[in-house]
Amino acid sequence: MSERTTTVSESSTPSGQRRTIHVLPEALINKIAAGEVVERPASVVKELLENAIDAGATVINIAIEDGGRTLIRVADNGCGISPEEAPLAFAQHATSKIESTEDLFAIHTMGFRGEALASIASVSHATMVTRTHDRPQAVRLEVRDSVISPAVPCAAAPGTSIEVRDLFYSVPARRKFMRTDATEFGHIHEMVLRSALPNPQVAITLAHNGKNVLELPATSDAQVRVSEALGRELHEQLIPIDFAERDVRIHGFAGQPALARPTAKYQYIFLNGRFIRERSLLHALKEAYRGLIEPASQPVAILFVEMDPAGFDVNVHPQKTEVRFRDSGSVYRVLLAALREKLLASDLTPQVRTANRFDAPTSPLPPSSGTAGSGLSRPDVSETRQIIADFFKQTTPMQTRIAFGAEPSVPLSPAPLAAEDSRTGTQGSEFAAPAAEPAATEPIHADDPAAFGRFVQLHNTYLVAETPDGMVIVDQHALHERIIYEELFARATRGPLEGQRLLIPEVLPITPRQRAALDAVQPLLLDLGMEVTEFDAQSVAVQTFPSLLSKVSPREFLRDLLDKLLELGSKLNREELLHEVLDMASCKAAVKAGYPLSQEEIAALLARKQQVDRSSNCPHGRPTTLRLSIGDLERQFKRK
Ligand code: ADP
Ligand code: MG
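Overview of the structure. (Residues numbered from 1 in each chain as written. Chains lettered and ligands numbered in written order. Predicted model: local features only at pLDDT ≥ 70, side-chain atom pairs only at ≥ 80, totals over all residues. Heavy atoms only, no water.)

Quick word on the site of ligand 1
Then comes step 1: Taken together, 19 residues lie around ligand 1, and Asn51, Thr95, Ser96, Lys97 and Gly114 are the ones closest in.
Then comes step 2: Contact distances for ligand 1 include 2.5 Å between an oxygen atom and a side-chain N or O atom of threonine 95.
Then comes step 3: One nitrogen or oxygen atom from the main chain of phenylalanine 112 is found 2.9 Å from an oxygen atom belonging to ligand 1.
Then comes step 4: Relative to its unbound accessible area of 530 Å², ligand 1 is 93% covered by the protein chains.
Then comes step 5: Broken down by secondary-structure element, the contributors of at least two residues to the shell around ligand 1 are helix H2 (41-54) and helix H3 (116-122). (Near = heavy atom within 4 Å. Polar contact = N/O pair within 3.5 Å; in protein donor to acceptor, adjacent residues only side chain to side chain. Areas by Shrake-Rupley, 256 points an atom, 1.4 Å probe, with all protein chains shown as cover. Helix = DSSP H or I, 4+ residues; strand = E, 2+ residues; numbered from the N terminus.)

Describing unusual backbone geometry
When glycine is set aside, most residues are seen to have a negative phi, and most peptide bonds are trans.
Then comes step 1: Positive phi values are uncommon outside glycine, yet phenylalanine 168 reaches one of about 65°.
Then comes step 2: Topologically, phenylalanine 168 is positioned in the loop between strand E9 (159-165) and helix H4 (172-177).
Then comes step 3: Judged by relative accessible area, phenylalanine 168 falls into the buried class, the value being 1%. (Buried < 20%, exposed > 50% of the residue type's maximum accessible area, 1.4 Å probe, protein only.)

Some thoughts on the nonpolar core
Then comes step 1: In this structure, Leu48, Ile60, Ile62, Val192, Leu230 and Ile302 are the most contacted members of the largest nonpolar core, which totals 61 residues.
Then comes step 2: Residue contributions to this core peak at seven residues, all from H2.
Then comes step 3: Mapped onto the domain boundaries, this core takes at least three residues apiece from domain 1 (26-216) and domain 2 (222-344).
Then comes step 4: In this structure isoleucine 302 touches Leu197, Val226, Leu230, Leu238, His251, Gly252, Phe253, Tyr268 and Phe270, once residues within four positions along its chain are discounted.
Then comes step 5: Core analysis: the next-biggest nonpolar cluster, separate from the first, contains 35 residues, Ile239, Tyr289, Leu303 and Leu335 among them. (Core = buried A, V, L, I, M, F, W, Y, C linked by side-chain atoms within 4.5 Å. Domains from an automatic or database assignment. Contact = heavy atoms within 4.5 Å.)

Overview of the pattern of salt bridges
Then comes step 1: Here the structure, examined in full by the defined rule, presents 28 salt bridges.
Then comes step 2: Between arginine 194 and glutamate 190 there is a salt bridge, with its nearest N and O atoms 3.2 Å apart. Of the two residues, arginine 194 and glutamate 190 are both situated in helix H5 (residues 181-196); the distance of four residues between them amounts to about one turn of the helix. Across the pair, glutamate 190 and arginine 194 agree in class, each one buried.
Then comes step 3: Here arginine 608 ties to glutamate 487 by a salt bridge, and the two come within 2.7 Å at their closest N and O atoms. With a gap of 121 residues between them, arginine 608 in helix H14 (residues 599-609) and glutamate 487 in helix H10 (residues 476-494) connect regions that are remote in the sequence. Each member of the pair, arginine 608 as well as glutamate 487, is classed as buried. (Salt bridge = Lys/Arg side-chain N within 4 Å of Asp/Glu carboxyl O.)

As for the sheet that holds strand E25 (residues 625-629)
Then comes step 1: In space, the four strands of this open sheet follow the order E19-E20-E21-E25, with antiparallel pairing throughout. Both outer strands of the open sheet, strand E19 (455-458) and E25, are each paired with one neighbouring strand and no more. Geometrically, the sheet is characterised by an average inter-axis angle of 20° between neighbouring strands, direction not taken into account.
Then comes step 2: Its contacts with the sheet put H10 on E19, strand E20 (462-467) and strand E21 (470-475), and the angle it makes with E21 is roughly 80°.
Then comes step 3: Set on the sheet, H14 makes contact with E19, E20, E21 and E25; between it and E19 the angle comes to about 110°. (Pairing = 2+ DSSP bridges. Axes fitted to C-alpha atoms, helices over the stretch in contact; angles between N-to-C directions.)

Description of the sheet that holds strand E14 (residues 267-271)
Then comes step 1: With mixed pairing, five strands are arranged side by side in an open sheet as E12-E13-E16-E14-E15. Of all strands in the sheet, those with a lone pairing partner are strand E12 (238-245) and strand E15 (274-276), marking the two edges. Taking the axes of each pair of neighbouring strands and ignoring which way they run, one obtains an average angle of 20° across the sheet.
Then comes step 2: Here strand E13 (residues 248-255) pairs with strand E16 (residues 301-306) via six bridges, running antiparallel. Note that in E16 the partner of isoleucine 250 across the bridge is valine 305.
Then comes step 3: Contacting E12, E13 and E16, helix H8 (residues 328-345) crosses the sheet at an angle of about 135° to E12.

Have a look at this one:
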């Protein structure tokens, strides 16, 4: 039986014409494979870049013409290919990177399928010039219509340069799908970033139609690479992450919440240096920022996950952006822990922007001169700071620093009272930390550098306070919301909270659907000190309610909570439920905008800001506080 004409059975085309089953010629097989690997010019760039990085290159220069339609050239100084092996590079399933099935589960290179060059060459005019470091000469070979020309010696530096011209000349359907040059180049630019971010040790340049678009010098500092690649304004807004657990290491950078974007575009997750889009990890990232950014926005993050390649399979899809983890739950948890730990420990208060906003990576950046971060250095304010500090030392502040303790709501005149006396005076102020329980965190001492000096309420809504290095503007409702949220959260996680028994239980009518929603949150409500019991067939009664929420009507709270839960549907897990309950409780209990506060109340509120986690943002992720440093003020007033 001849292989090419083997007839297994008869099939028919949609029009009913009979055709025989036959094995396809090699050139056509390559074109079909190319359909999977080479979707658009950016896919070619991706494959060529990966090959260059696998070859150990430290310098890669990329030249593009007309969005990649007419020319894509990637030149590297990597190991090169010997003249004998060079033709093999273009053969289907020819690779130097794996040998056996076992290797497939221990991939340490970007490529391994051995199909990229063959696929690319089947849909373009490809030329390769390559030279290994131990040879005096390079060779050049061309592929035309899947026929590889003999290697011809030529002069070139060690390394490999691959030129791909007239992409898709042989596949009109693909050619039609190409977008404008600008769009295709945008995809190429993005692809280059994905190779550049995990490889700061490699110098990379990208030119379009002869103009330099990206010039990334080699650096050993990953943060420098990130900000050179994505925008220098980003530099000071990146929180470095480095965390290891269960043989998984996660390092990289989490963007300040203020950087959050409407799309997930600025979320780069790399697995052993390979850019991946993996739903559960993206979810973990979003989850880590819950309550720090608005639900509709997306955090900025550049994260590198390193783990044993035996723990996942990248051979799921030809483009290799999808992976399958052996234990995706554990990678999810490590990523979440890595981010949470760092976000909780960091000061996330947004700086009032006085400089340009961070350059969106979509717009090709002006070539960088290699002076990384030079535009970011702040003016030296230490001297000014000292002068201002001295000035305030001489004057008698209207408001002395208050004693920060578990009960900061202390009347301030004539002199700060000792903690024992504080039960008198503003006892019962809704802004004081509750007297019955110690604060969740260590009390902050009055000499804490983050403590606030003088303050004032404006428009019955904003608190403006002096800090050692400038000032902050606080949204009183947002901050109070966050404080109540965190205190309830901390206490709920320490064990069930004792609720205050209501003298007269509050009765609430309930529908069967609401009852089902109530059943789901019942255990949580109990932990928070809210006991709800059956009253009769159509109603329930609230028996106890947390004293922290004394300003809230238990009936109204429960009614609105059940409405909210029905609206959200039944698929919430415990953590999400807790969030919803705390969210509603804190919103209802928090002081509203437009509500006048006394000096004592303001002091108490600001003091408690120091004691809770995530105080920079309200539970919905909106900022509670804006910061303006002395340096910012000086810049704005052109004093510097
Ligand atoms: P893969 O990368 O999956 O092995 P490719 O088709 O991309 O498959 O490349 C085939 C082979 O050609 C590689 O395994 C490698 O040996 C060689 N090669 C390709 N590009 C380069 C390069 N820039 N430098 C050195 N060798 C290269
Ligand atoms: Mg490859």
